[in-house]
Amino acid sequence: MMALSDYKDLVATVATIVTIIQFLSGTDICRKIIKQSSTGNISGFPFIGGVFCASTWLTYGLLLGDVSISVTNTVGLLLQASYLFIYVKYCILPVSWHATRRQMLLFFSAIFIVQYYVFFSGTNAEVIKYHVGLMCCAASIIFCASPLISLKDVFHTQSTEMLPFPLIFATFVMAGLWWLYGIIIQNNFVQYPNMIGCILAGLQLLLFIVYPSKGKGELMGEARIM
């Protein structure tokens, strides 16, 4: 542990950089939305969930007095809020807008409740840290596991084409670094959810080895042409 603690600042810096790079992945989606002047069938849930996750981790980082966690999630919150603003601006389909509005009401209410609990409830500081830490754990696991929704399609088409490899790989590296950082600072709420996230992302990366990026039908069609 003493040897690892010597690398605390290095691990924190690299983890912060990788996490911010991962946050920037939303720019591609927003560029597509702006180009077509509509959100189309793109869900706003990742952006809404991103605002909630970054906000919760920022609060926890401030409670801990941890600069790395606070800075990373300040940047993340600003980016996710920007993505959500663009999404709402171009969300013109009634069904998508109604779903987005319900999700925003739910998650923004949760953010308000968390902030009220932290700053105005008068609860013991250690108890607050524990409860906010639990919420951060749940948010991180859900975020890392979100691509698993596509597993059914992957197995059905025997293709990983619909899986975002750069995002999954960045999640694997990011979660691994924060897992190591959690071990260094001896914080279970940082350590364990990122350990689970790293394992989940690693399992998803294995799918790229098992299945090609093109579906079985596409490969057979290309073979006939050749």
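As the structure is a computational prediction, the values presented were derived from the model and not from experiment. (Residues numbered from 1 in each chain as written. Predicted model: local features only at pLDDT ≥ 70, side-chain atom pairs only at ≥ 80, totals over all residues. Heavy atoms only, no water.)

Visitor: What's the story with the overall build of the chain in this structure? I'm lost.
Guide: From N to C terminus, the chain includes 11 helices and 0 strands. The helix and strand sequence of the chain, counted from the amino end, reads α-α-α-α-α-α-α-α-α-α-α. Among the 226 residues that make up the chain, the fraction classed as buried is 41%. A sequence separation of at least 24 residues applies to 76% of the contacts in the chain between residues at least 6 apart. Of the roughly 12800 Å² of accessible surface on the chain, a fraction of 71% belongs to carbon and sulfur atoms. (Helix = DSSP H or I, 4+ residues; strand = E, 2+ residues; numbered from the N terminus. Buried < 20%, exposed > 50% of the residue type's maximum accessible area, 1.4 Å probe, protein only. Contact = heavy atoms within 4.5 Å. Areas by Shrake-Rupley, 256 points an atom, 1.4 Å probe, with all protein chains shown as cover.)

Visitor: Just checking my understanding: could you explain the nonpolar core for this structure?
Guide: If you look at soluble globular proteins, the nonpolar side chains tend to sit buried side by side. Core analysis: the biggest nonpolar cluster contains 39 residues, and Trp 57, Tyr 60 and Tyr 181 have the highest contact counts within it. Elements supplying a minimum of two residues to this core: helix H2 (8-23), helix H3 (26-36), helix H4 (45-64), helix H5 (67-90), helix H6 (94-120), helix H7 (125-145), helix H9 (165-185) and helix H10 (188-210). For this core, the leading source of residues is H4, giving 7 residues. Not counting residues within four places of it along the chain, the set of residues in contact with Trp 57 comprises Ile 69, Asn 73, Cys 136, Ser 140, Phe 189 and Val 190. (Core = buried A, V, L, I, M, F, W, Y, C linked by side-chain atoms within 4.5 Å.)

Visitor: In this structure, what is going on with empty space enclosed by the protein? I would like to understand it.
Guide: Counted under the stated rule, the structure contains 1 cavity of 30 Å³ or more. Reported here for the largest cavity is a volume of approximately 290 Å³. Considering the residues around the largest cavity, the lining is formed by 17 residues, among which Thr 19, Trp 57, Asn 73, Ser 140 and Met 174 are closest to the centre. Elements represented by at least two residues in the lining of the largest cavity include exactly H2, H4, H5, H7, H9 and H10. It is H4 that provides the largest number of residues to the lining of the largest cavity, a total of 4 residues. Grouping the amino acids of the lining of the largest cavity by side-chain chemistry returns 10 nonpolar, 7 polar and no charged. (1 Å grid on protein atoms, 1.4 Å probe; cavity = no way out; pocket = protein on both sides within 12 Å on 5 of 7 lines; lining within 4 Å. Points joined across faces, edges and corners; volume = space filled by probe spheres on them. Nonpolar A, V, L, I, M, F, W, Y, C, P; charged D, E, K, R; others polar.)

Visitor: Please clarify how the packing of aromatic side chains should be interpreted in this entry.
Guide: Any pair of aromatic rings gets described here by the distance separating the centres and the angle formed by the planes. Counted under the stated rule, the structure contains 9 aromatic pairs. Ring geometry for Phe 45 and Phe 107: centres 5.6 Å apart, planes at 70°, overall edge-to-face. Of this pair, Phe 45 sits in helix H4 while Phe 107 sits in helix H6, and the two are 62 residues apart along the sequence. Ring geometry for Phe 52 against Phe 107: centres 5.4 Å apart, planes inclined by 65°, an arrangement best described as edge-to-face. (Phe/Tyr/Trp six-rings, centres within 6.5 Å; stacked < 30°, edge-to-face > 60°.)

Visitor: Please explain H6 as it appears in this structure.
Guide: Structural remark: α-helix, 3.6 residues per turn; residues separated by three or four positions point the same way. Between the first and last C-alpha of H6 there are 37 Å, a value that for 27 residues agrees with the 39 Å anticipated at 1.5 Å per step. Listing the buried residues of H6 in full gives Ser 96, Thr 100, Met 104, Phe 107, Ile 111, Val 114 and Val 118. Taken from the residues just after H6, Gly 122 is the one with a positive phi, measuring 75°. (Expected span 1.5 Å × (residues − 1).)

Visitor: In this structure, what is going on with the pattern of salt bridges? I would like to understand it.
Guide: When charged atoms on two side chains of opposite charge get close, those side chains can pair. Overall, the coordinates contain 2 salt bridges when judged by the stated rule. A salt bridge links Arg 31 to Asp 28; the shortest N-O distance between them is 2.7 Å. With Arg 31 and Asp 28 both in helix H3, this residue pair falls 3 residues apart, about one helical turn. Glu 126 is the partner of Lys 129 in a salt bridge, and the nearest nitrogen-oxygen pair spans 3.5 Å. One end of the pair is Lys 129 and the other is Glu 126, both in helix H7 and 3 residues apart, which spans about a single turn. Taking relative accessible area as the criterion, Lys 129 reaches 22% and is therefore assigned partly exposed. (Salt bridge = Lys/Arg side-chain N within 4 Å of Asp/Glu carboxyl O.)

Visitor: Honestly, H10 in this entry has me stumped. Any pointers?
Guide: Taking 1.5 Å of rise per residue, 23 residues should cover 33 Å, and H10 covers 33 Å from first to last C-alpha, within 8% of that figure. Between a side-chain oxygen at the N-terminus of H10 and the backbone nitrogen of Phe 189 the separation is 2.9 Å; the capping residue is Asn 187. (Polar contact = N/O pair within 3.5 Å; in protein donor to acceptor, adjacent residues only side chain to side chain.)

Visitor: Even after reading the chapter, I still don't get the packing of H2 against H5, so can you show me in this structure?
Guide: Packed helices, taken two at a time, are described by the angle between their axes plus the distance between the axes. Orientation of H2 relative to H5, taken along the N-to-C sense of each, is 5°, at an axis distance of 10 Å. Classified by the angle between their axes, H2 and H5 sit roughly parallel to one another. Together, Ala 12, Thr 16, Thr 19, Ile 20 and Phe 23 of H2 and Ser 68, Thr 72, Asn 73, Val 75, Gly 76, Leu 79, Gln 80 and Tyr 83 of H5 make up the contact between the two elements. Residues belonging to the contact of H2 with H5 are distributed by class as follows: 6 nonpolar, 7 polar and no charged. (Axes fitted to C-alpha atoms, helices over the stretch in contact; angles between N-to-C directions. Parallel < 35°, antiparallel > 145°, perpendicular 65-115°, else oblique.)

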